[in-house]
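Notes for the structure review
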Amino acid sequence: MKKLLITGGARLSGTVRIHGAKNSVLPVLAACCLCTSPCVLHNCPDIEDVRTALAILESLGCKARREGSTLCIDASGLSKFRVEKRLAGKMRSSILFLGALLARCGKAELALPGGCPLGERPIDLHVKSLSKLGARFSFEKGILQAAWRERSDGDVFLPRPSVGATENLLLACALMNGTVTLHGAAREPEITDLIGFLRAAGADIRGAGSGDITIRGVKKLHGATYTILPDRIETATYLCMAAGCGGDVALRRCDGRLLAPVIGCLREAGCEIRSVGSEIALKSSGKLTAVSPVTTAPYPGFPTDAQALLMAAVLRAKGESVFQETVFERRFLHVPELQKLGADIVLSGKTARVRGVAHLHGAMLRAEDLRGAAALITAGLLAEGESEVLGLSHLARGYENLEQNLKNLGAAIKSVDIPAPFVYNT
Ligand code: EPZ
């Protein structure tokens, strides 16, 4: 087990190459189950959640091979329809094998998904909407069992734009006899990317990027070669780090158009940002001003995944920044940890008020979720003296090469082994 040691105070300068999006590649890997000939996916990050998705594919009888950032998946031999607890419990995206296996095998058995503890994270919308289309569910001994009884098509209404439920519906309906229209679908770029992959494999889906998506089922999907879109939250992570610390960074192979609300806030805080084509350049003096109230919302609103990151960036900003979290019930897990550094944050229900302080001091911090972990590292980089960050298993699920990238930018950061008697909850 490892922890990170950070000595704050360095400015960050240099270049970072952004990886493919975690939240795109995971549904696309589930979608590979639908394809009866091999798929080639470029720009796939080498992170723990992707390794878990590959282990699930292999446990189902698929072949998976990595060559650099390219994954080759052959699902022609898929012969099982059960996702075991030891794999399903490792990440939220295991639930996407529900739609994928229903489409390919007509039935699916899954242990409940894991992932970041951001609240209850129910799957009622997945189950209700698939039930409306003729799937029948039972839940026994911790295993969700699903099978088509009588398939129907028509309209499905999602009462809230759930990313996962939209993805499961796309996967379940891509192979069918009939047409399904989703109303109230999520509009995240990662959904558009999943649709891009499914279309490349022969699916007939219209309305990507809108709340109304029409899926005309087809009989078969073939293999496809596809490039995963850049990770907008990894991009936001480096932007917020450099904004808070001060510095001059260039991010390559990213897409600033997917991050307009975050870039808008960082500009308001005083950063100079140039976003052209696949590159974003940010200059920051490190002396930021508070931002206008930030309310998280489904895309194209301010992403909940960037809330903790921006909060960490403005801990020393002049004035008060207010954050309202509307997507998840428990997405302020980083706040008590940030307070250990001397941050002035008042938490009340869904709202966190951050009053900038002149100095933060080092402390021992424990991450409880993926983006919270990146926020604690950001805050450690801003603080005077040494900080320790534990709970790195969360970070490994979603970031490739973060420590090395930060070292390359000039940060004083290193991972060290935690001596065995002190290994707990890491
Ligand atoms: C996806 O989670 C992402 N995960 C999350 O990123 C992201 O924060 C979230 O979308 C919102 O953008 C992946 O793509 C793997 P939702 P997901 O279904 O699909 C409620 C990260 O850090 N809800 O849109 O789980 C739910 O509880 C992760 O990379 C129901 O009530 O998000 C939440 O409050 C964390 N019933 C809200 O909807 C349901 O059946 C949004 O959830 C489903 C969801």
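The subject of this paragraph is the sheet that holds strand β15 (residues 247–252). Reading across from one edge, β2-β15-β17-β16 is the order of the four strands in this open sheet, with mixed pairing throughout. Strands at the two margins of the open sheet, each flanked by one partner only, are β2 (12–17) and β16 (272–276). Going across the sheet, the axis of each strand differs from the next one's by a mean of 5°, ignoring polarity. When β2 meets β15, the two strands line up parallel, connected through six bridges. Within the sheet, the bridge partner assigned to valine 16 lies in β15 and is leucine 251. The strands touched by helix α8 (residues 232–245) are β2, β15 and β17 (279–284); relative to β17, the strand with the most contacts, the crossing angle is about 20°. Helix α9 (residues 260–268) rests against β16 and β17 of the sheet, and its axis sits at about 150° to β16.

Let us look at the pairing of strand β13 (residues 212–216). Regular strands place their side chains on alternate faces of the sheet. Here five bridges tie strand β11 (residues 179–183) to β13, and the two strands are oriented antiparallel to one another. Across the sheet, histidine 183 pairs through a bridge with aspartate 212, a residue of β13. Alignment of strand β12 (residues 204–206) against β13, held across three bridges, turns out to be antiparallel. When the bridges of β13 are listed, aspartate 204 appears paired with arginine 216.

The next point concerns the site of the ligand. The immediate surroundings of the ligand are formed by 23 residues, with Asp124, Ser162, Val163, Asp305 and Val327 found nearest. Here aspartate 305 contributes a side-chain N or O atom positioned 2.5 Å from an oxygen atom of the ligand. Take arginine 331: an N or O atom from its side chain is 3.3 Å from an oxygen atom of the ligand. Taken by itself the ligand offers 840 Å² of open surface, and the protein chains cover 92% of this. Looking at the shell around the ligand, the elements with two or more residues in it are α1 (22–31), α5 (124–132), α6 (163–174) and α12 (370–382). Split into classes, the residues belonging to the shell around the ligand amount to eight nonpolar, six polar and nine charged.

Let us look at α9. For α9, the complete set of buried residues consists of Val262, Ile263, Cys265 and Leu266. Taken around the axis of α9, the buried residues stretch over an arc of 160°, which confines them to a single face. Buried positions along α9 lie against α8, β16, β17, β18 (294–295) and α10 (307–313). Among the residues trailing α9, glycine 270 stands out with phi positive, at a value near 115°.

Counting across every chain of the model gives one aromatic pair. Taking 6.0 Å as the distance between ring centres and 80° as the angle between the ring planes, the aromatic pair formed by phenylalanine 197 and tyrosine 226 counts as edge-to-face. Here tyrosine 226 lies in strand β14 (residues 225–227) and phenylalanine 197 lies in helix α7 (residues 189–200), a separation of 29 residues in the sequence. As far as burial versus exposure is concerned, phenylalanine 197 and tyrosine 226 are alike and both buried. Across from the ring centre of tryptophan 148, 3.7 Å away, lies the NZ or CZ of arginine 151, which sits over that ring.

The next point concerns the nonpolar core. Ranked by size, the top nonpolar core spans 78 residues in total, and within it Leu29, Phe97, Phe197 and Leu198 carry the most contacts. With residues near it in sequence (within four places) discarded, phenylalanine 97 still touches Ala30, Cys33, Ala53, Ile56, Leu57, Leu60, Val83, Ala108 and Leu110.

Once that is clear, we can look at the pairing of strand β21 (residues 351–355). The two faces of β21 differ: Ala352 and Val354 on one face are buried, but Thr351, Arg353 and Arg355 on the other face are not. Note that strand β19 (residues 320–324) and β21 share five bridges and pair antiparallel. Directly across from serine 321, in β21, lies its bridge partner valine 354. Relative to β21, strand β20 (residues 344–348) runs antiparallel, the two being bridged by five bridges. In the strand pairing of β21, valine 346 is matched with arginine 353.

Going through the model one piece at a time under the given rule, you end up with zero disulfides. As a non-bridged cysteine, cysteine 254 has cysteine 240 as the owner of its nearest cysteine sulfur, 13 Å distant. Here cysteine 271 stays unpaired: no disulfide links it, and the sulfur of cysteine 240, its closest cysteine neighbor, is 8.7 Å away.

We now examine α1. Burial within α1 is extensive, with nine of its 10 residues counted as buried. Turning to α1, its buried residues are Lys22, Ser24, Val25, Leu26, Pro27, Val28, Leu29, Ala30 and Ala31.

This brings us to the environment of alanine 224. Structurally, the position occupied by alanine 224 is in the loop between β13 and β14. Sequence-wise, alanine 224 and proline 38 are 186 residues apart; in three dimensions their C-alpha atoms are separated by 7.2 Å. With residues up to four places along the chain from it excluded, the contact list for alanine 224 reads Pro38, Cys39, Val40, Phe197, Ala200 and Ala201.

Turning our attention to the sheet that holds strand β10 (residues 154–157). Two strands in a sheet stick together by hydrogen bonds in their backbones, pointing the same way (parallel) or opposite ways (antiparallel). Spatially, β10-β11-β13-β12 is the arrangement adopted by the four strands of the open sheet, whose pairing is mixed. Whereas interior strands pair on both sides, the edge strands pair on one side only; in this sheet they are β10 and β12. The average angle at which neighbouring strand axes cross in this sheet is 20°, direction not considered. Sitting on the sheet, α6 touches β10, β11, β12 and β13, and the angle it makes with β13 is about 20°.

This part takes up the pattern of salt bridges. If you walk through the whole model with that rule in mind, you get 21 salt bridges. A salt bridge links arginine 232 to glutamate 190; the nearest nitrogen and oxygen atoms lie 2.8 Å apart. Pair noted here: arginine 232 is in helix α8 and glutamate 190 is in helix α7, with a separation of 42 residues, a long-range link. Residue arginine 232 shares its accessibility class with glutamate 190, and that shared class is buried. The closest approach of N and O atoms between lysine 340 and glutamate 337, which form a salt bridge, is 3.0 Å. Of this pair, lysine 340 and glutamate 337 both sit in helix α11 (residues 335–340), separated by three residues, roughly a single helical turn. A relative accessible area of 40% means that lysine 340 is categorised as partly exposed.

Rules used in this analysis
- Residues numbered from 1 in each chain as written.
- Predicted model: local features only at pLDDT ≥ 70, side-chain atom pairs only at ≥ 80, totals over all residues.
- Heavy atoms only, no water.
- Pairing = 2+ DSSP bridges.
- Helix = DSSP H or I, 4+ residues; strand = E, 2+ residues; numbered from the N terminus.
- Axes fitted to C-alpha atoms, helices over the stretch in contact; angles between N-to-C directions.
- Contact = heavy atoms within 4.5 Å.
- Near = heavy atom within 4 Å.
- Polar contact = N/O pair within 3.5 Å; in protein donor to acceptor, adjacent residues only side chain to side chain.
- Areas by Shrake-Rupley, 256 points an atom, 1.4 Å probe, with all protein chains shown as cover.
- Nonpolar A, V, L, I, M, F, W, Y, C, P; charged D, E, K, R; others polar.
- Buried < 20%, exposed > 50% of the residue type's maximum accessible area, 1.4 Å probe, protein only.
- Arc of directions from axis to C-beta.
- Phe/Tyr/Trp six-rings, centres within 6.5 Å; stacked < 30°, edge-to-face > 60°.
- Lys NZ or Arg CZ within 6 Å of the ring centre and 35° of its normal.
- Core = buried A, V, L, I, M, F, W, Y, C linked by side-chain atoms within 4.5 Å.
- Disulfide = S-S within 2.5 Å.
- Salt bridge = Lys/Arg side-chain N within 4 Å of Asp/Glu carboxyl O.

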